[in-house]
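Residue strings, one per chain:
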Amino acid sequence: MPLPASGQRLDIEIDLSGDGAAVPILALREGTRERTGLILVPKGAAVPKLADLSEDPHPAVSGDMRQEIALRAVTPLVARPATAQPMVMLMGSMLPYQWTIDGRSWENRLPVEAKSGERVEMMFHNMSMMAHPMHLHGHTFQVIEVNGARFAGAVRDTVSVPPMGSVTVALDAGEAAPWMLHCHNMGHLATGMMTEFLVRA
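Given the structure is predicted, the values throughout are model-derived calculations rather than measurements.

So, on to the overall build of the chain. Looking only at helices and strands, one finds two helices and 14 strands in the chain. With respect to the three principal axes, the spread of C-alpha positions in the chain is 60 × 45 × 30 Å. When the 201 residues of the chain are sorted by exposure, 37% land in the buried category. Restricting the contact set of the chain to residue pairs at least 6 apart, pairs at least 24 apart contribute 71%. Here the chain displays about 11,600 Å² of accessible surface, and carbon together with sulfur accounts for 58% of that area. Averaging the positions of the 16 positive and the 21 negative side-chain charges in the chain gives two centres separated by 2 Å.

This next bit is on the packing of aromatic side chains. For the structure shown, the criterion picks out one aromatic pair. Across from the ring centre of W106, 3.6 Å away, lies the NZ or CZ of R109, which sits over that ring.

So, on to the sheet that holds strand β11 (residues 158-161). Taking strand neighbours across the sheet as the criterion, the five strands line up as β5-β14-β13-β7-β11 in an open arrangement whose pairing is mixed. Edge strands, defined here as strands with exactly one partner in the open sheet, are β5 (112-115) and β11. Here the strands of the sheet are splayed against their neighbours by 20° on average, with no regard to which way each runs. Judged from the six bridges that link them, strand β13 (residues 177-183) and strand β14 (residues 194-200) form a sheet pairing that is antiparallel. Within β14, the position partnered with W179 by the bridge is F197.

Criteria and cut-off values
- Residues numbered from 1 in each chain as written.
- Predicted model: local features only at pLDDT ≥ 70, side-chain atom pairs only at ≥ 80, totals over all residues.
- Heavy atoms only, no water.
- Helix = DSSP H or I, 4+ residues; strand = E, 2+ residues; numbered from the N terminus.
- Buried < 20%, exposed > 50% of the residue type's maximum accessible area, 1.4 Å probe, protein only.
- Contact = heavy atoms within 4.5 Å.
- Areas by Shrake-Rupley, 256 points an atom, 1.4 Å probe, with all protein chains shown as cover.
- Lys, Arg positive; Asp, Glu negative; His and termini not counted.
- Charge placed at Lys NZ, Arg CZ, Asp CG, Glu CD.
- Phe/Tyr/Trp six-rings, centres within 6.5 Å; stacked < 30°, edge-to-face > 60°.
- Lys NZ or Arg CZ within 6 Å of the ring centre and 35° of its normal.
- Pairing = 2+ DSSP bridges.
- Axes fitted to C-alpha atoms, helices over the stretch in contact; angles between N-to-C directions.

Here it is, written out as structure tokens:
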């Protein structure tokens, strides 16, 4: 299964197999073959050594959106038309190592604005060759479109935006305040991929 975005949280319910066997849950960091994880072990179960997975021919790929597209919200947003549809352009490069939102760094940011209570459909348009896990403080949003395909997706506060792709999320603007909106890759955030979602009364 493709990996979620950096900083993304998932609630997972697992039914352990009836045979009492240990169940490994593994994670693979993008660009590597080393794994980490945990093992769920019923009382008294043996924990066998796992096979060498370092030569796995299917490494994680940041542009793989199959999981995101397959998920559906248990409690979706109430349907209503959006009155604001901002586009947030994600840009940057490895040389020089600088990442921006709408071509601006934090110091000269141009906030994304909305009114409290307003339905907003925000498109993250990634014009770089890296995925960006975009995180919005103080809100949850519903993923409603990936690369032009519309659906009633998961409710999140962080979503991975694939390289040279787009993700649109819907949300109801909350309390009037300046809320942080940034890439959850800390190296990208530190060099400028951060702005404000400015909610006005």
